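# Secondary and tertiary structure notes
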Amino acid sequence: MLSNLNIDDIVTTNPFEGKKSVKGKVWSSPIVDETRVECLVQAHGLPEMVARLLVIRDLDKGDVDGFLNPTLAKNFPDPFSLQNMDQTAAFIATAIQENKKIGILADFDVDGATSYATLSRFLMAAGCADVPCFIPDRLNDGYGPSTKGFDSLKEQGAEIAIVLDCGITSVDPIAHAKSIGLEVVVVDHHEPDEILPEANFIINPKLADDTSGLDYLAAVGVTFLLSIAVNAKLREAGFYADKKEPAMRESLDLVALGTVCDMVPLIDANRLFVKHGFPMMAQGRNIGLNALLAVSKITTMPDPYHAGFMLGPRINAGSRVHQSDLGAQLLSTMDEGEATRIAWLLDDCNEKRKAIQKDMTREAMEKAKAMMIEAPQTSGLVIDGEGWHTGLSGLVSGAIKDKYNKPSCVIAYVENEEGVIEGRASGRSIKGVHIADIFMGAQKEGLIVKGGGHAMAGGFTIMPDQLNGFIEYFNTQVAAQLSNVDEYSEVEEIELPLAVQGLNIQTAKLLTESLAPFGMGHEEPKTILSNVRIDYADQVGTNHLRCTVKDAEGGKGMKAMAFRALESDMGKMLREIAGTQARVHLRGQVKINEWQGRESVEFHISDAMSV
């Protein structure tokens, strides 16, 4: 597969200089040090195209072999490099040996569900008779630990509560847990506040004094490292002298799934987990995952696309329709019949979610459009609505963010346990704006009840009378952060301008397989089909566009797809010039389409520019 592909297959000029794309982007071509490219080719026997991409991304300055082919033996991170890991692992290992009952409180999303399944399966394999569990109801309980959750674990007989993928800002709920006699371990990866909860132990690579360098991990990655560390402590204590040691690597399928779905950067350890996790998933050892693959009709090797767009949405769907614990149940069950039942139930939940989301998105988009007409220079968009589904706020805010390229928040109102109406909100951000910092700052200012999350995504709770003050604060903070963003943020670097004639299965596999897996922090190669004509373009489905693309000089054509673009400015442009001599540059990704055992190359269009 990694044969020597000549640079002649790449268009080396910069034909789009000084213009803007349909989406308002300025495209630029990087200046590449050809000496570095040649060194990579000679030292590692890489095709020139692959070497060029590595140089453009500065990946040639590190461990090239470790990046392209990371191994568990050479590239696995040291779990004990995490702050507090040694003491925490020893504490949990001792609890296992003393047969103490360990309960788990985990978040309701995919990261939380995979974290729960990873740890609970390990604890059961290590000899725990049962593992009490509490997954907050997304709609009634909201995000994170609560007194209700800890009371439930206590009622189930738990002596220790391990909190996964949440808890780092839950000062009061964890104080309650301690007051009812629970020992608490927090395992999280969200941004900590200045005041930490008084848990017995906290593992979070984002702690101020943590020097592990693992702050890019998803919660499931941190949980997996905790399991590895506890297992090491048990091994040292001779715990496995007369029993079988858990097969730790078999959890990599769960780690890969949670890592991809939480959209953390696919670098270093995350890349290692994903690279080895999906082949493990294909082996079908996790009964629940196997059932979900079958329901999702995934028959090829699972990959990040399947995780992000087919498996993840189904796992998340349960929490969006009042069944938050279904994902955790599915991924941890050992019963094949139960796995099949839950997988089909989640599939049904996902179909219901789609219908509700469609209506909510339409209403929210109308409000966003009105806001943009009234105040087109607004820095961010905060949209609320009556009767909206609180479990879909994140998906809808993401759609608004994508359309307007502005940090966006969507608020849905619900009656809380005290009978008071409050807003449950999710926000999605753009490059240069740390949305969780804004939410945490708003909480300190008394503008919301609570808030937190990541740089690109977060959530908060707000009372209706706080809305106007929050909107003003949100827009002020977004504008302040954007003022520090490079003025050329609308510039999009194009790594490889290509010609249709140079694209074949060999080229496509170089671009799609040799540098995989792709995701946040390591996106698919940024490619352009340069100076091409649209031979024809027609509608596929409800909102997609299918085209045939040819080089300006003619020759063979290739299939191209523009998804969800039929009525967009780009879609209208492509339809208008179809069958004419007008030439365009097409931004997108090279893909390999498999149909009835045959492979073909196609191009997925994301932007366009007139020549």
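Coordinates for the structure precede this section.
Calculation rules
- Residues numbered from 1 in each chain as written.
- Predicted model: local features only at pLDDT ≥ 70, side-chain atom pairs only at ≥ 80, totals over all residues.
- Heavy atoms only, no water.
- Axes fitted to C-alpha atoms, helices over the stretch in contact; angles between N-to-C directions.
- Helix = DSSP H or I, 4+ residues; strand = E, 2+ residues; numbered from the N terminus.
- Parallel < 35°, antiparallel > 145°, perpendicular 65-115°, else oblique.
- Left-handed = near helix turned anticlockwise from the far one by under 90°.
- Contact = heavy atoms within 4.5 Å.
- Nonpolar A, V, L, I, M, F, W, Y, C, P; charged D, E, K, R; others polar.
- Buried < 20%, exposed > 50% of the residue type's maximum accessible area, 1.4 Å probe, protein only.
- Polar contact = N/O pair within 3.5 Å; in protein donor to acceptor, adjacent residues only side chain to side chain.
- Pairing = 2+ DSSP bridges.
- Patch = residues over 30% accessible without salt bridge, like charges linked within 9 Å, V, L, I, M, F, W, Y side chains within 5 Å.
- Areas by Shrake-Rupley, 256 points an atom, 1.4 Å probe, with all protein chains shown as cover.
- Salt bridge = Lys/Arg side-chain N within 4 Å of Asp/Glu carboxyl O.
- Right-handed = clockwise from strand over helix to strand, strands pointing away.

## Describing the packing of helix α5 (residues 85-97) against helix α9 (residues 219-236)
One way to put it is that α5 packs onto α9 with a least axis distance of 8 Å and a crossing angle of 60°. Relative to α9, the element α5 lies oblique. Two packed elements cross with a definite hand, and for α5 against α9 that hand is right-handed. Judged by residue contacts, M85, D86, T88, A89, A90, I92, A93, I96 and Q97 of α5 engage L225, L226, A229, V230, K233 and L234 from α9. Of the residues that constitute the contact of α5 with α9, the class distribution is 11 nonpolar, two polar and two charged.

## Quick word on the side chain of D107
Looking at where D107 falls in the secondary structure, it is placed in the loop between β2 (102-106) and α6 (110-125). Residue class for D107 comes out buried when judged on its relative accessible area of 4%. Beyond its immediate sequence surroundings of up to four residues, D107 is in contact with G112, A113, I135, Y143, L164, D165 and C166.

## Things to note about the environment of Y240
As for its position among the elements, Y240 is in the loop between α9 and α10 (252-261). Linking Y240 and G557, residues 317 residues apart in sequence, is a C-alpha distance of 62 Å. For Y240, the residues in contact, after removing those within four places along its chain, are F122, A126, N231, L234, R235, E245 and P246. At 2.6 Å, the side chain of Y240 forms a polar contact with the side chain of N231.

## Focus: the sheet that holds strand β8 (residues 408-415)
Spatially, five strands are ordered β7-β8-β9-β11-β10 in an open sheet, and the strand pairing comes out mixed. This sheet does not close on itself; its edge strands, each paired only once, are β7 (381-385) and β10 (450-453). Pairwise comparison of adjacent strand axes, ignoring direction, gives a mean angle of 15° for this sheet. Where β7 and β8 come together, five bridges link them in parallel fashion. By the bridge assignment for β8, L381 is matched with S408. Packing against the sheet, helix α17 (residues 435-444) makes contact with β8, β9 (421-428), β10 and β11 (457-462), and its axis sits at approximately 160° to β10.

## Looking at the sheet that holds strand β6 (residues 201-203)
In any sheet, the strands associate via hydrogen bonds between backbone groups, in a parallel or an antiparallel arrangement. Strand order across the open sheet formed by five strands is β3-β2-β4-β5-β6, with parallel pairing between neighbours. A single partner strand is all that each edge strand has here, and the edge strands are β3 (133-134) and β6. Looking at chain direction, β2 and strand β4 (residues 160-164) are connected through five bridges and run parallel. The residue of β4 that forms the bridge with A106 is L164. Contacting β2, β3 and β4, α6 runs over the sheet at an angle of about 170° to β2.

## Quick notes on unusual backbone geometry
Residue P517 is reached from A516 by a cis peptide bond, and omega for that bond is 5°. With respect to the helices and strands, P517 occurs in the loop between α19 (505-512) and β14 (527-540). Despite not being glycine, D165 shows a phi value in the positive range, around 60°. With respect to the helices and strands, D165 occurs in the loop between β4 and α8 (171-179). Not every positive phi belongs to a glycine, and D268 is a case in point at roughly 45°. Here D268 shows up in helix α11 (residues 268-282). On the accessibility criterion, D268 (56% relative accessible area) is exposed.

## Re a nonpolar patch on the surface
On the surface, M263, M456 and M520 cluster together into a nonpolar patch covering about 270 Å² of accessible area. Relative to the helices and strands, M520 is located in the loop between α19 and β14. M520 gets classed as partly exposed once you look at its relative accessible area, which sits at 31%.

## Re the pairing of β2
Counted residue by residue, β2 has five buried out of five residues, so it is predominantly covered. Burial along β2 is two-sided: the residues I102, I104 and A106 and G103 and L105 are all buried. Bridge count between β2 and β3: two bridges; the pairing is parallel. Directly across from I104, in β3, lies its bridge partner C133. Note on the crossover from β2 through α6 to β3: the handedness is right-handed.

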